[in-house]
Amino acid sequence: MKLGKIKPIRRLFAVCLSMLLGFSLATTGLTGGQANAAANPSDEAVHSLTDGAVPQAAVGTTYYVSVDGNDANDGRSEDHAWASLEKVNSMKFAPGDRVLFKAGDVWNGSLKLRGISGTEDAPIVFSSYGDIEQLGRPVINGNGTTTTEISKIILNYKGVADKTMSATIDVVDGSYLEFSNFELTNYNPNVVSQRAGINIRTASTTVTEWEANPHKGIVIKNNYIHDVDGNPKGWKIGSGGILILGNISDVLVEGNIVKRVDIEGIRNAGLYKEGDVKANFPRVFENIIFRNN
């Protein structure tokens, strides 16, 4: 009886062992095939990895600015941040660079950029680092900016005595620049001048200069601009919150808060001779977007 019972058990064991070996061989075959495919990817797979999973090296350098920094530093890390607006103003930034101001820190003065441009693929970005929700935006107080620098765009206006313009963020002849996450003021009741929170303009006086000096690619996002007192007797568009003046196309102004500013809130304008009704100066700009401000 014992032998009779053992035979069926042996047969069952043999069948199970055979099934197990077969399953193991089949599984090994699948795994080997997958391994071979991974070791020898097709051209399509190579392109997929190159385009998606393996990003190219970033262009440009990131610089940090903090009131606790030091202008003798290289600015390339939070621990080696620069300290002053003057240091930033002295630099010639390259396409892809980012200049980040510490959240919650406060500066007095003006960010002045002259002839600095990024590219379409690598704009130069001025923004913040740190938690602005908890610490607040980095603050720049213009405190009533003034300048002796003549703005060529006003020269054709004979009726405007003040030929200067200034701003807390003050840019002349720049393309592919981005400004975001700042709090800006520019208030001083004891000093009269044409001033703004942000003024981006071209240095063009004649049609020839205008056509030779086009600019584009300006992005202004998520800034809080308030308390800017301009010159009510000056050029009617020479003072305000955000001014974009000159031959500048491809502009995005989005998500900004502008409060208590003289005279314009957000404005772009071209260049023309006072009293000119023949449209000798170009007045058409492309892709200008003011949205959700």
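S.K.: Which residues make up the environment of Ala83, and what values go with them?
M.R.: Residue placement: Ala83 occurs in the loop between β1 (62-65) and α3 (85-89). Each C-alpha atom, one on Ala83 and one on Val65, is 5.5 Å from the other, the two residues being 18 residues apart in sequence.

S.K.: Describe the packing of aromatic side chains, naming the residues involved and giving the relevant values.
M.R.: One pass over the full model with this rule turns up eight aromatic pairs. For the ring pair Tyr64 and Tyr129, a centre distance of 5.0 Å and an interplane angle of 90° mean the geometry is edge-to-face. Remark: Tyr129 occurs in strand β5 (residues 124-129) and Tyr64 occurs in strand β1; sequence separation between them is 65 residues. On the basis of relative accessibility, which here comes to 10%, the residue Tyr129 falls in the buried class.

S.K.: How would you summarise the sheet that holds strand β9 (residues 183-186) if you had to cite specific residues and measurements?
M.R.: Note on sheets: strands pair through backbone hydrogen bonds, and any given pair is parallel or antiparallel. On the basis of which strands lie adjacent, the open sheet formed by five strands has the order β3-β6-β9-β12-β15 and parallel pairing. One side of each edge strand has no neighbouring strand; the edge strands of this open sheet are β3 (106-108) and β15 (257-261). Direction aside, neighbouring strands of the sheet carry axes that sit 10° apart on average. As judged from the three bridges shared by strand β6 (residues 139-141) and β9, these two strands associate in the parallel manner. The residue bridging Val139 from the neighbouring strand is Glu183, located in β9.

S.K.: Please provide a residue-by-residue account of the nonpolar core, values included.
M.R.: With 33 residues, the main nonpolar core has Val88, Phe93 and Phe126 as its most contacted residues. Ranked by the residues each element gives to this core, the list is headed by strand β14 (residues 248-254), at three residues. Non-local contacts of Val88, meaning those with residues more than four positions away in its chain, are made with Val65, Trp82, Phe93, Val99, Phe101, Leu111 and Phe126. Within the second largest apolar cluster, twelve residues are counted, among which are Val160, Met165, Leu243 and Leu245.

What counts as what
Residues numbered from 1 in each chain as written. Predicted model: local features only at pLDDT ≥ 70, side-chain atom pairs only at ≥ 80, totals over all residues. Heavy atoms only, no water. Helix = DSSP H or I, 4+ residues; strand = E, 2+ residues; numbered from the N terminus. Phe/Tyr/Trp six-rings, centres within 6.5 Å; stacked < 30°, edge-to-face > 60°. Buried < 20%, exposed > 50% of the residue type's maximum accessible area, 1.4 Å probe, protein only. Pairing = 2+ DSSP bridges. Axes fitted to C-alpha atoms, helices over the stretch in contact; angles between N-to-C directions. Core = buried A, V, L, I, M, F, W, Y, C linked by side-chain atoms within 4.5 Å. Contact = heavy atoms within 4.5 Å.

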